[in-house]
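Structural overview
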There are 2 protein chains.
Amino acid sequence: MKSGDLVFLDTAEGSELFHSAEVKNHFWSVGRYFETQLFLTYCGIASSVMVLNSLAIDAPEDPQIYPYTMFTQENIFTHNVLQRRRPLDVEMGGNTLEQLADILDALDVEVETYFGADYDLNRCREILIESLQHDGKRIILDFNRRVFNEEGAGHFSPVAAYHRAEDRFLVMDVARFKLPPCWVKAELLHDALVEIDPTSQKSRGFLTVAAKERSGTA
Amino acid sequence: MKSGDLVFLDTAEGSELFHSAEVKNHFWSVGRYFETQLFLTYCGIASSVMVLNSLAIDAPEDPQIYPYTMFTQENIFTHNVLQRRRPLDVEMGGNTLEQLADILDALDVEVETYFGADYDLNRCREILIESLQHDGKRIILDFNRRVFNEEGAGHFSPVAAYHRAEDRFLVMDVARFKLPPCWVKAELLHDALVEIDPTSQKSRGFLTVAAKERSGTA
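Note that the coordinates shown come from a computational prediction; the quantities given were computed from them, not determined experimentally.

1. Points about the relation of the copies chain A and chain B
Least-squares fitting of chain A to chain B yields an RMSD of 0.0 Å, with the superposition described by an axial translation of 0.0 Å and a rotation of 180 degrees. The two molecules are tied by a two-fold rotation axis, judged by turn and shift.

Put into structure tokens, the structure is as follows:
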């Protein structure tokens, strides 16, 4: 890894990058629902909760804030989700990219799964930017954070902005007890997305999530 | 209330205000730890957790993320805090300004309590701006949100930025299931800070919180 490959958002340089970034609409909605993962294995769950809330998907009841509703890292396990994956499964082993897609697929959203190894750097950058420019889409990355020289390995977090001149993406790290949001060079991010997840034996990658289009007038 | 008195951060106008705001250093650290209040009465607790984490105060253990640490709306009730206020007290009745100051005072921070009624608009604006310009301080507002024409009444939330030309403060509303962060005119905010809290029979106001200065070389 080259030095300067990571710039944290809460530094002078990081906030400057935010100001000059061209693609950052997602930041306002995703950052509004920024979460800390509840368990060390709940990065995908926390990322999903941020994305679902930021898309204003109808949330299950949460007795503690009734009559308001919101997705939490507990109530995201709806009856439909539980048919596929239980809190215990996630607590013990986290999620692979496909397992997280499966959880989201059981909710009221459209999910698309992109394996990092299927896309070269240019195509990967293109898809990420297109999705960031789409107001109705959100992105959850599945990356190997060891590639960033960080402690840990596989990790999920939403991405919320892109800086063209610097060719950096803003990763909203849900391990907030560990690291702030961070601007990562596209090339380094791609390196972290193509790594093989030892659990699935497939590459990491990312998910795009969008509200389901309603057909008919029901 | 005049129209245009509230501008939500996740609108085009709100994010424009953010870009042209002069005083916004706190946003990066406070926003990094943005929280949703766990109960309808936990606005002061959620605000305190944001402020403590953003000041990097040593946090109690949280078994779920061991060996990392972080303040949560559960572990903030340390042994010292419990001598003054229990989760049940807060769940049932929330906190007055002085009760929240008392909770924070039991932790490793210096707290100053400002009753809104003791300060006119100009002095209030001055103290808030000075505190926002101080990297080692944070601010928690205690305001009556009915003055903003919002559903509810007494509410705590951190303030994270100030826009001079518009004379607006950015309130990071912890009732995230209800409202986004919001730019409020200083005058309207002052109106909401001078209101009497029926529980304490004193005015609302705000707290400033700073890490304790260490004496000696221990």
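2. What to know about the interface of chain A and chain B
Residue-level contacts link 31 residues of chain A with 31 residues of chain B. Taken together, both faces of the contact between chain A and chain B bury some 2900 Å²; the carbon and sulfur share is 61%. For chain A, the biggest contributors to the area lost against chain B are Trp28(A), Arg32(A) and Tyr68(A); these three give 27% of the whole. Residue Asp10(B) is joined to Arg32(A) by a salt bridge in which the shortest nitrogen-to-oxygen separation is 3.6 Å. Where chain A packs against chain B, one counts 12 residue pairs in polar contact (both at pLDDT 80 or more). Contributing elements (two or more residues each) for the side of chain A that touches chain B: α1 (12–20) and α2 (25–32) of chain A. Considering each element in turn, the side of chain A that touches chain B owes the most residues, 4 residues, to α2(A). Tallied by class, residues from the side of chain A that touches chain B come to 17 nonpolar, 7 polar and 7 charged.

3. Section: the sheet that holds strand β4 (residues 154–163) of chain A
All names here are of chain A. Reading across the sheet, the 7 strands line up as β1-β6-β5-β4-β3-β9-β2 and stay open at both edges, with antiparallel pairing between neighbours. Each having just a single partner strand, β1 (6–8) and β2 (109–115) make up the two edges of the open sheet. Neighbour to neighbour, the strand axes of the sheet diverge by 30 degrees on average, direction disregarded. As paired elements, β2 and strand β9 (residues 205–211) share 7 bridges and run antiparallel to each other. Bridge pairing in β9 places Thr 113 opposite Leu 207.

4. Some points on unusual backbone geometry
Pro67(A) follows Tyr66(A) through a cis peptide bond whose omega is 10 degrees. Its place among the elements puts Pro67(A) in the loop between α3 (43–54) and α4 (79–82). In this structure, Ala56(A) takes a positive phi of about 60 degrees despite not being glycine. In this fold, Ala56(A) is placed in the loop between α3 and α4. The backbone of Gln201(B) shows a phi angle near 60 degrees, a positive value even though the residue is not glycine. Among the secondary structure elements, Gln201(B) is positioned in the loop between β7 (196–197) and β8 (202–203).

5. Side note on the pattern of salt bridges
Scanning all chains against the criterion turns up 26 salt bridges over all chains. With a closest N to O distance of 2.9 Å, Asp167(A) and Arg125(A) form a salt bridge. Here the residue Asp167(A) occupies a position in the loop between β4 and β5 (168–171), and Arg125(A) occupies one in helix α7 (residues 121–132), the gap between them amounting to 42 residues. For the pair shown, Asp167(A) and Arg125(A) are each scored as buried. Glu166(B) is the partner of Arg168(B) in a salt bridge, and the nearest nitrogen-oxygen pair spans 3.3 Å. A residue is classified by how much of its surface remains accessible, and Arg168(B), at 3% relative accessible area, is buried. The structure contains a network of salt bridges with shared partners spanning Arg84(A), Asp102(A) and Asp105(A).

6. Some details on the pairing of β5(A)
All names here are of chain A. Judged by which residues are buried, β5 turns out to be covered on both faces: Arg 168 and Leu 170 on one side and Phe 169 and Val 171 on the other are all buried. Bridge analysis of β4 against β5 gives 4 bridges, and the strand direction is antiparallel. Following the sheet pairing, Tyr 162 is matched in β5 by Phe 169. Hairpin connection from β4 to β5: 4 residues lie between these consecutive antiparallel strands, with Asp 167 at a positive phi of about 50 degrees. Taken together, the 4 bridges between β5 and strand β6 (residues 182–185) define a ladder with antiparallel strand orientation. What sits directly across from Val 171, in β6, is Cys 182.

Thresholds applied
Residues numbered from 1 in each chain as written. Chains lettered and ligands numbered in written order. Predicted model: local features only at pLDDT ≥ 70, side-chain atom pairs only at ≥ 80, totals over all residues. Heavy atoms only, no water. Least-squares fit on C-alpha atoms with pLDDT ≥ 70 in both. Contact = heavy atoms within 4.5 Å. Buried area = accessible area lost by both parts, 1.4 Å probe. Salt bridge = Lys/Arg side-chain N within 4 Å of Asp/Glu carboxyl O. Polar contact = N/O pair within 3.5 Å; in protein donor to acceptor, adjacent residues only side chain to side chain. Helix = DSSP H or I, 4+ residues; strand = E, 2+ residues; numbered from the N terminus. Nonpolar A, V, L, I, M, F, W, Y, C, P; charged D, E, K, R; others polar. Pairing = 2+ DSSP bridges. Axes fitted to C-alpha atoms, helices over the stretch in contact; angles between N-to-C directions. Buried < 20%, exposed > 50% of the residue type's maximum accessible area, 1.4 Å probe, protein only.

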